[in-house]
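A structural walkthrough
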Amino acid sequence: MTDARDGARPAAIELDAHDLRLMRAIADGGSITSAAAALGYSQPAVSQHIKRLEARTGVPLVERIGRRARLTEAGRLLARHAPAVVTALEAAQEDLRLLRGGGSGRVRMTGFPSASATVLPRLMAELARERPGLELQYVEAEPPEAVEAVREGRADLALTFSFPGDREDPHGESARGLTVTVAGHDDMLLVLPEAHPAAADQRGAVADLADENWIGGCPRCRRHLLELCARAGFTPRITFETDNFVAVEGLVAQGIGVATLPRMALEATPRHAGVAIRSLPRTERRTLHLVAARGAERVPSVRAVLAVLDRVLPDILGPVASGSRN
């Protein structure tokens, strides 16, 4: 290798997609054995590949601690590049398949429960009409797990959400290196028994409900409820917890408590009799995001799904004033 101190250019470092996949597999599994199993190779073959890769790069990439393996700073750097590089290769492969007339590709998507009930049916129906050869695989997941799935290459696209001021927003540090686009805003609503005195107040005044029993939703929704009530000057007495929004409506209808729900959740099923809905301030609405590996929109099948989502989401949520990318 030429010494850069002699004034000559350092020798080029040759890498391929398999090198990056290997670093990513070690980062995910925490051992050479688990990485080998994930990639379908023997443990000795993976160990030899690491040695050759370290020789090529000139830096240590893996530290062995007992039976575990930990990436060095250089190894972690390579692992972070894996999703973008693999996505670019998939884009090229799919372009060639389409040029040769072979199929329409596959997209692995993940989304949260109320999106599964509202967005997914419309998305699949329109894709079936416009791209009948495209295979859409869908797994339901809450935002932190959905972002992780994209980061680890287990999903191509994730539909997620965040609340204003969320101190554990999964679209921050954990989404570093991914593309995060604002997809819309979902109103948060106050759900009350129809006979409740506060149901006559169209303002949805949370402060008037300090003495009520509350029904908590998913962990992120429950955290938003706590922050919402704290801003109103009290701590809610949560007596029942469920992430089943149909159950939340049923409990409210029976006078068990009061709750907050996103509009998407309320529109997913027929309205319960005996329930009153009041709007919370727009400042409380949650933001929807689309998360993907950088460059994912270059993959024709992913681009097709995004194009349909661009039409479907405004119908469900209303238009987005402006989008933003990280």
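Described in the following lines is the structure provided in the data block.

Conventions used here
Residues numbered from 1 in each chain as written. Predicted model: local features only at pLDDT ≥ 70, side-chain atom pairs only at ≥ 80, totals over all residues. Heavy atoms only, no water. Helix = DSSP H or I, 4+ residues; strand = E, 2+ residues; numbered from the N terminus. Buried < 20%, exposed > 50% of the residue type's maximum accessible area, 1.4 Å probe, protein only. Contact = heavy atoms within 4.5 Å. Areas by Shrake-Rupley, 256 points an atom, 1.4 Å probe, with all protein chains shown as cover. Core = buried A, V, L, I, M, F, W, Y, C linked by side-chain atoms within 4.5 Å. 1 Å grid on protein atoms, 1.4 Å probe; cavity = no way out; pocket = protein on both sides within 12 Å on 5 of 7 lines; lining within 4 Å. Points joined across faces, edges and corners; volume = space filled by probe spheres on them. Nonpolar A, V, L, I, M, F, W, Y, C, P; charged D, E, K, R; others polar. Pairing = 2+ DSSP bridges. Axes fitted to C-alpha atoms, helices over the stretch in contact; angles between N-to-C directions.

The subject of this paragraph is the overall build of the chain. A tally of helices and strands in the chain yields ten helices and twelve strands. Out of the 326 residues in the chain, the part that is buried amounts to 47%. Partitioning the contacts of the chain with sequence separation of at least 6, the portion at a separation of at least 24 is 74%. Element-wise, carbon and sulfur atoms account for 52% of the exposed surface of the chain, whose accessible area totals about 16,500 Å².

Once that is clear, we can look at the nonpolar core. Counting residues in each nonpolar core, the largest one holds 47 residues, and the members touching the most others are Val 119, Leu 136, Trp 214, Val 305 and Leu 309. When contributions to this core are tallied by element, the ones reaching two or more residues are β3 (106-111), α5 (113-130), β5 (157-162), β7 (188-193), α7 (219-231), β12 (286-293) and α10 (300-317). Ranked by the residues each element gives to this core, the list is headed by α10, at nine residues. With 18 residues, the next largest nonpolar core counts Leu 20, Ile 26, Ile 50 and Leu 53 among its residues.

So, on to the layout of surface pockets. The computed volume of the second largest pocket comes to approximately 380 Å³. Arg 24, Arg 76, Ala 79, Arg 80 and Arg 151 are the residues nearest the centre of the second largest pocket, which is lined by 18 residues in total. Taken together, the residues that form the lining of the second largest pocket break down as seven nonpolar, four polar and seven charged.

This part is about the sheet that holds strand β4 (residues 135-140). Pairing within the open sheet is mixed, and its five strands lie in the order β4-β3-β5-β12-β6. With one partner strand each, in any of the chains shown, β4 and β6 (178-186) form the two edges of the open sheet. Direction aside, the axes of adjacent strands within the sheet are offset by 25 degrees on average. Across six bridges, β5 lies against β12 in antiparallel orientation.

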